[in-house]
Amino acid sequence: MVGASHPVPPGPVLPPSSVAAVSPVVPSPRRPTENGGGAASERVRWWYESVLGWPTAPGEPVRLRTGVRFDVLDVPAGAGYATLERLGRAERAGRAGSDGSDGAGSPVPGFPVAVQGGRMLLLVAAGAAEELPGLLEWLEWGSLPLDLTAVGAGGLVDAPPAPEPGPAGLPPRPPERDGLRGAAVWLRPPEPGCEVGSSLPALSVPGRAGTALDLARLVHTLATQCHRVRLAASGPPRARPVARVG
């Protein structure tokens with residue numbers, strides 16, 4: 001009969017063991033906390049928030065909020081190193097003249113400094129970013145193109161890893177695999193257990209104490225070294241000496 005339905009004979013029934021054998025095995029996803037990178041980031045975040053009291057932004061990598069506890073001056077690393085060396089020499093000379101010693105071993109002004117990707121990040125007092133344009137004009141640097149910028153309120157900077165305990169003072173330059181390849185590292189880390197804000201360069205105010213370095217002096221030195229770096233980069237290449245053949 002046309003259109004009549006015929007029952008379909010049932011297929012072979014596989015035993016339970018066979019069904020389990022052909023079913024694909026999908027591993028359960030890992031939790032983010034099982035990732036070593038995530039655990040390391042959480043340790044870094046804990047150090048900044050709990051030990052130093054510095055606010056961080058959510059997400060990875062860990063980033064520090066500027067304009068709350070500090071601002072940041074961003075300059076070429078070459079200009080930054082020259083600035084720290086010049087300030088260190090001036091500090092040692094000042095101590096030698098004041099107490100009659102030779103000034104050997106005197107530390108440079110101790111505010112935190114980091115390097116990242118060929119740049120140097122110098123921590124200064126919160127609000128300094130807003131003062132920078134007017135300060136450069138007052139110091140007669142406003143008309144020149146300087147590779148000197150500031151990160152202030154509402155900004156973010158990458159958080160360097162928590163520093164390992166080490167000797168006081170200015171440590172050597174970081175290895176190329178760290179700061180020069182893009183990862184932020186501390187050149188002079190903040191010191192837990194002390195008030196970091198009191199060491200940050202700020203504008204001199206009558207009656208204010210605890211500031212290790214005047215912001216105007218730091219900015220003037222940085223601008224001078226940035227200008228020298230720019231002139232060296234734009235100038236003609238130095239001629240190599242030609243060996244004489246006798």
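Residues numbered from 1 in each chain as written. Predicted model: local features only at pLDDT ≥ 70, side-chain atom pairs only at ≥ 80, totals over all residues. Heavy atoms only, no water.

A. A look at a positive patch on the surface. A cluster of basic side chains, namely Arg86, Arg89, Arg92 and Arg228, defines a positive patch on the protein surface. The leading source of residues in the positive patch is helix H3 (residues 77-99), at three residues. Turning to its location among the elements, Arg89 is positioned in helix H3. (Patch = residues over 30% accessible without salt bridge, like charges linked within 9 Å, V, L, I, M, F, W, Y side chains within 5 Å. Areas by Shrake-Rupley, 256 points an atom, 1.4 Å probe, with all protein chains shown as cover. Salt bridge = Lys/Arg side-chain N within 4 Å of Asp/Glu carboxyl O. Lys, Arg positive; Asp, Glu negative; His and termini not counted. Charge placed at Lys NZ, Arg CZ, Asp CG, Glu CD. Helix = DSSP H or I, 4+ residues; strand = E, 2+ residues; numbered from the N terminus.)

B. Structural detail: the sheet that holds strand S7 (residues 156-158). On the basis of which strands lie adjacent, the open sheet formed by three strands has the order S1-S2-S7 and antiparallel pairing. Looking at which strands have only one partner, the edges of the open sheet turn out to be strand S1 (56-57) and S7. Here three bridges tie strand S2 (residues 63-65) to S7, and the two strands are oriented antiparallel to one another. In the strand pairing of S7, Leu64 is matched with Val157. (Pairing = 2+ DSSP bridges.)

C. Spatial organisation of the pattern of salt bridges. Counted by the stated rule, this structure contains four salt bridges. Arg119 serves as the salt-bridge partner of Asp74, at 2.7 Å between the closest nitrogen and oxygen. With a gap of 45 residues between them, Asp74 in strand S3 (residues 71-76) and Arg119 in strand S5 (residues 119-124) connect regions that are remote in the sequence. Under the relative-accessibility criterion, Arg119 is labelled partly exposed at 21%. (Buried < 20%, exposed > 50% of the residue type's maximum accessible area, 1.4 Å probe, protein only.)

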